[in-house]
Amino acid sequence: QVQLVESGGGLVQAGGSLRLSCAASGRTFSNYAMGWFRQAPGKEREFVATISWSVSNTYYTDSVKGRFTISRDNAKNTVYLQMNSLKPEDTAVYYCAATKIEATRRIPLYDYWGQGTQVTVSS
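This report concerns the structure included in the present document. (Residues numbered from 1 in each chain as written. Predicted model: local features only at pLDDT ≥ 70, side-chain atom pairs only at ≥ 80, totals over all residues. Heavy atoms only, no water.)

1. A closer look at the overall build of the protein chain
Phase 1: Along its length, the protein chain carries zero helices and 11 strands.
Phase 2: Counting helices and strands in the order they occur from the N terminus, the protein chain gives β-β-β-β-β-β-β-β-β-β-β.
Phase 3: On C-alpha atoms alone, the protein chain measures out to a radius of gyration of 13 Å, which is about the 14 Å that the 2.2 N^0.38 rule sets for 123 residues.
Phase 4: Its C-alpha atoms give the protein chain principal-axis dimensions of about 40 × 25 × 25 Å.
Phase 5: Burial statistics for the protein chain: of 123 residues in total, 45% are counted as buried.
Phase 6: Expressed as a percentage of contacts within the protein chain between residues at least 6 apart in sequence, the contacts between residues at least 24 apart total 59%.
Phase 7: When the accessible surface of the protein chain is split by element, carbon and sulfur atoms take 47% of a total near 6,100 Å². (Helix = DSSP H or I, 4+ residues; strand = E, 2+ residues; numbered from the N terminus. Rg over C-alpha atoms; globule rule 2.2 N^0.38 Å. Buried < 20%, exposed > 50% of the residue type's maximum accessible area, 1.4 Å probe, protein only. Contact = heavy atoms within 4.5 Å. Areas by Shrake-Rupley, 256 points an atom, 1.4 Å probe, with all protein chains shown as cover.)

Rendered as structure tokens:
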């Protein structure tokens, strides 16, 4: 089992920044690729970013490229999502997740999920 707890969400104006954190406990964190996903009201959960266990590979959905950065600190069992130039359409509940599959954007392949943290971007 891997337990994931997100933090860092909040209310920010358009153009602002937030950094989300996801703290992991349980099984060896460095064995898992990590992903960030989001779900807006009335919409399906969607992929945002993923990072391999070795930190060598990162992938982003097109709408956040150049604005969001995923990173991880295996010594701290934590994955981060730095979000800059936020837009109202980034408003959603953000979830982190862990997978044994290398840096995938496919939701069904993630085994463990956090409870989510709300990000609200005002215009």
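2. Considerations on the nonpolar core
Phase 1: Membership of the largest hydrophobic core comes to 30 residues, with the highest contact counts inside it found for Leu4, Met34, Trp36, Leu81, Met83 and Tyr94.
Phase 2: Looking at this core, the elements that each hand over two or more residues are strand E1 (2-7), strand E3 (18-26), strand E4 (33-39), strand E5 (46-51), strand E7 (68-73), strand E8 (78-83), strand E9 (92-99) and strand E11 (117-122). (Core = buried A, V, L, I, M, F, W, Y, C linked by side-chain atoms within 4.5 Å.)

3. Some remarks on the sheet that holds E8
Phase 1: Strand order in the open sheet formed by four strands is E1-E3-E8-E7, with antiparallel pairing between adjacent strands. Each of the sheet's edge strands pairs with one partner strand only, and the pair in question is E1 and E7. Taken over all neighbouring pairs, the strand axes of this sheet differ in orientation by 15° on average, direction set aside.
Phase 2: Pairing of E3 with E8, which is carried by six bridges, proceeds in the antiparallel orientation. Residue pairing across strands places Ser21 opposite Tyr80, the latter belonging to E8. (Pairing = 2+ DSSP bridges. Axes fitted to C-alpha atoms, helices over the stretch in contact; angles between N-to-C directions.)

4. Brief notes about the pairing of E1
Phase 1: What you see with E1 is a clean split: Val2, Leu4 and Glu6 sit on the buried side and Gln3, Val5 and Ser7 on the side with no burial.
Phase 2: Relative to E3, E1 runs antiparallel, the two being bridged by six bridges. Looking at E3, one finds that Leu4 is bridged to Ala24.

5. Quick look at the state of the cysteines
Phase 1: Under the criterion given, the structure shown has one disulfide.
Phase 2: The partner cysteine of Cys22 in its disulfide is Cys96, sulfur to sulfur 1.9 Å. Since a negative S-S torsion denotes a left-handed disulfide, the Cys22-Cys96 link at about 45° is right-handed. Note that Cys22 is positioned in strand E3 and Cys96 in strand E9, a separation of 74 residues in sequence.
Phase 3: A relative accessible area of 0% means that Cys96 is categorised as buried. (Disulfide = S-S within 2.5 Å.)

6. Let's talk about the packing of aromatic side chains
Phase 1: Using the criterion set out here, one finds five aromatic pairs in the structure.
Phase 2: Look at Tyr32 and Tyr112: their rings are 6.1 Å apart centre to centre, the planes differ by 75°, and that puts the pair in the edge-to-face class. Linking Tyr32 in the loop between E3 and E4 with Tyr112 in strand E10 (residues 112-113), this pair joins segments that are 80 residues apart in sequence.
Phase 3: Residue classification places Tyr112 among the buried positions, given a relative accessible area of 18%.
Phase 4: Residues Phe37 and Phe47 carry aromatic rings whose centres are separated by 5.8 Å and whose planes lie at 70° to one another, so their mutual orientation is edge-to-face. Separated by 10 residues along the polypeptide, Phe37 in strand E4 and Phe47 in strand E5 bring together distant segments of the chain. Like Phe47, Phe37 is buried.
Phase 5: Taken together, the ring pairs in this structure connect Phe37, Phe47, Tyr110 and Trp113 into an aromatic cluster.
Phase 6: Over the ring of Tyr95 we find Arg45; its NZ or CZ atom is 3.8 Å from the centre of that ring. (Phe/Tyr/Trp six-rings, centres within 6.5 Å; stacked < 30°, edge-to-face > 60°. Lys NZ or Arg CZ within 6 Å of the ring centre and 35° of its normal.)

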